[in-house]
Structures are given as structure tokens and as C-alpha cells.
Amino acid sequence: MKIAVSGKGGVGKTTLSAFLVRWFAEQGRSVLAIDADPDANLAHALGIQNASEITPVSQMRELVAERTESVPGAYGGFFKLNPKVDDLPEKLSVRQGENIRLMVMGGIKKGGTGCVCPESILLKNLVQHLILRRDEVVIMDMEAGIEHLGRGTSKAVDWLITVVEPGQRSIETASRIRELGRDIGLTKIGLVGNKVRNESDRAFLRKVLGGELILGFIPYDDLIIEADLGGRFAEKVSSQTQAGLERIVKNLIEAAEAAGL
């Protein structure tokens, strides 16, 4: 299964991504976790030691130059549009336990973001390989958009999960993400409500997200915030949070089976 998780910054998409990674790994599945958010935090959320020392692929200037046949740090000119990437998951991923490996993509934060440059070409080719060619479960923690996806990979993504919280800005971001996803052919889109305090919040999200597939809700939980502050996986959460997360996975799998995945 290939799953992309997106949403407005701070809504809890990294927390959900980390839970999905750990859940599939505990079922004995080989999982490749991809941090595709320029503000990378998935390694911390998974509790990986020395997470701050991981260099994002986009910042590996010599590697980018070698694979794209470009000049490090230079923009413009000619470079290779189909660089070799099939060996990079084994070379660049960080292993956690027996079943989890993590790759940190990083982003293009310089001026001209969104343009065709060696870094973006390498990242997009790498994502295409991970989605289309790899056999393991792939969980991709994305930024508030679908920057790393394209029409060539969208059909192979089993689910785009958008995390929302009770709030207008989060809802607006989720709507834009869904529109962008549908523009490139993503049809299996689900939503998860996070930081839900009570039934009033649930009712609000059901109302504003009417007609969309809601996979479940995650309650507001101080234990998740404490784990995040400590840079560790939220092993201990409230019983309500655990039940909510398990329900999301159950609904996700049932929806996948119904779609013939």
C-alpha cells in the first residue's frame, strides 16, 4: 500500500504518519517511511535516535550533481532529467528496527521554488521510483500540498489522506489539497479529523466535510504533545486516542479492500 499524508502545518499529519508506519511494521510488513516535508519531523515522531543529524536528500549537493550531471548549487544550464535513483533507498535510508526504514527528502527552499532544477528533478524521480517500483508499504509525510507527486505517480498512490482540525484555515487548506489531488488524477482521498475535543467538533467537521470520506477522528491528547516535545514516538496515548487511531486504520483497510486494492 502506498499512502500520502498531507495537511496544513501543525494539524498532526506527522503524528498520523508515524502511527501508520509503526502499525504496518507491527503487522510484519516492510515499511519505507518518506519525510517529504521541507520542515522534516518524521524522524523525531518515530523516535529515531540522532534524527537531527540526518541530511535530507535535497541538501546532498554532490549526490544531486552526480546523478543529474549538473553543477552543485547552480541553476540554469543543462542537466539530466532521468537520473538513476533505484539504488538510493538502500544507500540513504535510516533503519529503525527490523521493518522500518526512513528517507528524508527535504525541500527546495531557495528562490525559484517550483521551477525545474536538479534538486527537484532528483526528488521527483526518486518519489516516482518509490511509488511505482517498490514492493513494501510506503508512507509519505508530505507538506501542505502535493509538491512531490505528479500525474505519473498519482495513479499508483492508493490513498491521499488529508489531516484537518476544527478550524477554518485547516479546512481551506484541506480543500485546496483535495482539488490539487484530483487535478492530477488522485481519486482515493480520505480525511482524518485531529485535535477533536468533543462531539461538537466532530459534528462541525462532518458538516463542513460533507460528502467526503472521513476515515476517523483523533481526540486532543496531551500525551501526544508531550511525546512530540520530547522527540519520541507517542507510545503511550489515551485509550480514546488509541481507539481513534485503530478505527482509522480499520476504515482505511476496509475502504482499500472495497476498492479492490
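Below you will find a few notes about this structure.

What counts as what
Residues numbered from 1 in each chain as written. Predicted model: local features only at pLDDT ≥ 70, side-chain atom pairs only at ≥ 80, totals over all residues. Heavy atoms only, no water. Phe/Tyr/Trp six-rings, centres within 6.5 Å; stacked < 30°, edge-to-face > 60°. Buried < 20%, exposed > 50% of the residue type's maximum accessible area, 1.4 Å probe, protein only. Lys NZ or Arg CZ within 6 Å of the ring centre and 35° of its normal. Axes fitted to C-alpha atoms, helices over the stretch in contact; angles between N-to-C directions. Helix = DSSP H or I, 4+ residues; strand = E, 2+ residues; numbered from the N terminus. Parallel < 35°, antiparallel > 145°, perpendicular 65-115°, else oblique. Contact = heavy atoms within 4.5 Å. 1 Å grid on protein atoms, 1.4 Å probe; cavity = no way out; pocket = protein on both sides within 12 Å on 5 of 7 lines; lining within 4 Å. Points joined across faces, edges and corners; volume = space filled by probe spheres on them. Nonpolar A, V, L, I, M, F, W, Y, C, P; charged D, E, K, R; others polar. Lys, Arg positive; Asp, Glu negative; His and termini not counted. Salt bridge = Lys/Arg side-chain N within 4 Å of Asp/Glu carboxyl O. Pairing = 2+ DSSP bridges.

It is worth spelling out the packing of aromatic side chains at this point. Inspection of the entire model under this criterion finds 1 aromatic pair. Relative to Phe-24, the ring of Trp-23 has its centre 5.2 Å away and its plane inclined at 90°; by these criteria the two rings are edge-to-face. Residues Trp-23 and Phe-24 agree in their burial class; the two are buried. When the ring centre of Phe-233 is taken as reference, the NZ or CZ atom of Arg-22 above it lies at 4.1 Å.

Here we take up the packing of helix 3 (residues 61-68) against helix 5 (residues 118-133). Axis separation between helix 3 and helix 5 bottoms out at 10 Å; the angle between their running directions is 80°. Viewed along their axes, helix 3 and helix 5 adopt a mutual orientation that is roughly perpendicular. Of helix 5, the residues touching helix 3 (which contributes Val-64, Arg-67 and Thr-68) are Pro-118, Glu-119 and Leu-122.

Moving on, we get to the layout of surface pockets. By volume, the largest pocket amounts to about 780 Å³. Those elements giving two or more residues to the lining of the largest pocket turn out to be helix 1 (13-26), helix 2 (42-45), strand 7 (189-196), helix 9 (222-229) and helix 10 (239-258). Looking at the lining of the largest pocket, the element that brings in the most residues is helix 1, giving 8 residues. Class assignment of the residues belonging to the lining of the largest pocket gives a composition of 13 nonpolar, 10 polar and 12 charged.

Mapped onto the elements of the fold, Asp-35 is located in strand 2 (residues 31-36). The buried charged residue Asp-35 lacks any salt bridge partner; its closest oppositely charged side chain belongs to Lys-13, at an N-O distance of 6.3 Å. Once you skip the residues sitting within four places of it in the chain, Asp-35 turns out to touch Ala-40, Asn-41, Leu-42, Ala-43, Leu-102, Met-103, Val-104, Met-105, Gly-106 and Asp-141.

For the rest of this paragraph, the subject is the sheet that holds strand 8 (residues 213-219). Spatial ordering of the open sheet is given by 3-4-2-5-1-6-7-8, a layout of 8 strands whose pairing is mixed. Here the strands that pair on one side only, and so sit at the sheet edges, are strand 3 (94-96) and strand 8. Sheet twist, expressed as the mean angle between neighbouring strand axes with direction ignored, is 20°. Two elements, strand 7 and strand 8, share 5 bridges in a ladder whose sense is parallel. Within strand 8, the position partnered with Val-192 by the bridge is Gly-216. Most of the contacts of helix 1 go to strand 5 (residues 137-142), to which it runs at about 170°, and overall it touches strand 1 (2-7), strand 2, strand 3, strand 4 (100-104), strand 5, strand 6 (159-164), strand 7 and strand 8.

Further remarks concern the pairing of strand 6. Most of strand 6 sits out of view: 6 of its 6 residues are buried. Pairing between strand 1 and strand 6: 5 bridges, direction parallel. Counted as the bridge partner of Ser-6 is Thr-162 from strand 6. The pairing of strand 6 with strand 7 spans 5 bridges and is parallel. Its bridge partner lying in strand 7, Val-163 is registered against Val-192.

Looking at helix 3, one finds that the buried residues are Leu-63, Val-64, Ala-65, Arg-67 and Thr-68. In this fold, the buried residues of helix 3 make contact with helix 4 (88-92) and helix 5. Glu-69, located one to two residues past helix 3, shows a positive phi value of around 55°.

Of all 6 residues in strand 2, 6 are buried; the element is thus mostly enclosed. Along strand 2, one buried face is formed by Val-31, Ala-33 and Asp-35 and the opposite face, lined by Leu-32, Ile-34 and Ala-36, is buried too. Note: strand 2 against strand 4, 5 bridges, orientation parallel. Following the sheet pairing, Ala-33 is matched in strand 4 by Leu-102.

Functional significance is not addressed by these values, which are geometric in nature.
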